[in-house]
Amino acid sequence: MFFSIFKRKKVNALFTIGFYNLENLFDIHEDSKTLDNDFTPNGYKKWSKKRYSRKLHKLAKTIAEVGTKATNNPPVLMGIAEVENKRAIKDLISTGPLKDIDYGYVHYDSPDERGIDTALIYHKNYFEVLFSEPITLLIFEKNGRRDATRDILYVKGKLNGEEVHIFVNHWPSRRDGDQETSFKREQAAETILGYMKTIEETIENPNYIIMGDFNDGPKAKSIQKLMQSERLYNPMEKLLTPERGSANYKNSWLMFDQIMVSHNFFNYEKGTHSFAHANIFDEDFLVEFEGKFKGTPYRTYAGKKYIGGYSDHFPVYVQLKYNT
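Computed from a predicted structure; not experimentally measured.

Describing the sheet that holds strand β7 (residues 162-170)
Phase 1 of the analysis: Spatial ordering of the open sheet is given by β5-β6-β7-β8-β12-β9, a layout of six strands whose pairing is mixed. Each edge of the open sheet is held by one strand with a lone partner, namely β5 (127-135) and β9 (232-233).
Phase 2 of the analysis: Looking at chain direction, β7 and strand β8 (residues 208-213) are connected through six bridges and run parallel. Bridge pairing links Asn-169 to Gly-212 in β8.
Phase 3 of the analysis: Across the sheet, helix α4 (residues 178-199) lies against β5, β6 (152-159), β7 and β8, angled at about 160 degrees from β7, the strand it touches most.

Re the pattern of salt bridges
Phase 1 of the analysis: A complete count under the given rule lists 15 salt bridges for this structure.
Phase 2 of the analysis: Put simply, Lys-69 and Glu-283 hold a salt bridge, and the shortest N to O gap is 3.2 Å. Linking Lys-69 in helix α2 (residues 68-71) with Glu-283 in the loop between β13 (273-280) and β14 (301-302), this pair joins segments that are 214 residues apart in sequence.
Phase 3 of the analysis: Accessibility expressed as a relative area gives 25% for Glu-283, which makes it partly exposed.
Phase 4 of the analysis: Between Asp-282 and Arg-244 there is a salt bridge whose closest N-O contact spans 2.8 Å. Taken together, the positions of Asp-282 in the loop between β13 and β14 and Arg-244 in the loop between β9 and β10 (247-249) put the pair 38 residues apart, joining distant regions of the chain.
Phase 5 of the analysis: You can call Arg-244 partly exposed: its relative accessible area is 25%.
Phase 6 of the analysis: By sharing partners, the salt bridges in this structure join Arg-174, Asp-178, Arg-185 and Asp-216 into a single network.

Some points on the side chain of Asp-27
Phase 1 of the analysis: Assignment of secondary structure puts Asp-27 in the loop between β1 (14-25) and α1 (49-65).
Phase 2 of the analysis: Overall, the relative accessible area of 1% leaves Asp-27 in the buried class.
Phase 3 of the analysis: Excluding its chain neighbours within four sequence positions, the residues that come into contact with Asp-27 are Phe-39, Trp-47, Tyr-52, Glu-84, Asn-85 and Arg-87.

Some details on the confidence of the model for the chain
Phase 1 of the analysis: In this model, the chain carries a mean pLDDT of 93, and residues with pLDDT of at least 70 account for 96%.
Phase 2 of the analysis: Predicted confidence for residues 1-9 stays below pLDDT 50, and this span has 24 contacts to residues more than four positions away or in other chains.

Structural notes on unusual backbone geometry
Excluding glycine, most residues fall at negative phi; most peptide bonds, likewise, are trans.
Phase 1 of the analysis: One non-glycine residue, Asn-24, lies in positive phi territory at about 60 degrees.
Phase 2 of the analysis: Along the chain, Asn-24 turns up in strand β1.
Phase 3 of the analysis: Backbone geometry places Asn-205, a non-glycine residue, at a positive phi of 55 degrees.
Phase 4 of the analysis: As for its position among the elements, Asn-205 is in the loop between α4 and β8.
Phase 5 of the analysis: The exposure class assigned to Asn-205 is exposed, which follows from its relative accessible area of 57%.

The rules behind these values
- Residues numbered from 1 in each chain as written.
- Predicted model: local features only at pLDDT ≥ 70, side-chain atom pairs only at ≥ 80, totals over all residues.
- Heavy atoms only, no water.
- Pairing = 2+ DSSP bridges.
- Helix = DSSP H or I, 4+ residues; strand = E, 2+ residues; numbered from the N terminus.
- Contact = heavy atoms within 4.5 Å.
- Axes fitted to C-alpha atoms, helices over the stretch in contact; angles between N-to-C directions.
- Salt bridge = Lys/Arg side-chain N within 4 Å of Asp/Glu carboxyl O.
- Buried < 20%, exposed > 50% of the residue type's maximum accessible area, 1.4 Å probe, protein only.
- pLDDT = per-residue confidence, 0-100.

Printed below as a string of structure tokens:
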């Protein structure tokens, strides 16, 4: 099913670029450097080898199917959040329908105290990594203590020969209140804008793809900071409705998971990519079909209770057309 276009020339081909918050993809091994005790066999969540394996298969199935209704092929790029380490990423791309796809990944351990990171999974046949690094997000609480949050992952590469600059994000949470933590996410936006400015000192009109779980919706101050640069287009803004989003909190839909692209993805020059489509991947198998959470993402846990689903977020994706 997944390899028909990959065996042909890139004539009128669509390529899927996605993002997925995996909801705590931890391996079962305790790491003394992070607060991962809950996700061990004897921990609070009773995170067993069986549960880990079941989650890997569910996530692999999901990633393999994102965007396939239009392309009949798996994503060429997939940003992920809430993954513990390289071992978990290797296990994921070696599982089920992903194991036969030539996927590589870019990952760095972040200072997040829980040990959850971001990463980029890429199809080696269509994407070449030229450079990557973690961008430190320096945020301090009002008492002067540093908030040890996730780095921003930056990857420069070539998608079908066209250079792109990718930022994978998982911005600080709202755990201590929306307004109280807003400044942290605004600082994250400023950090990206500063990095973009540095890129533009040596590269004219770069192609940007900015993806992640931003813990803010499209109209929040932090996201609007990015948009005010007038470099970016956010197709996710139109996808959020009272009946649909990428995550659900207290029966309200949220669009925290977003992918933004630069305006130069709206040209149609030969050898470039053009924006074609964006969507939320909220297929029926990812939706809770009964009970308290009916109609929302079929999650792995609800507090301490093991439900056995996929994630508390839906993946989101954009599709780019390769111009010949």
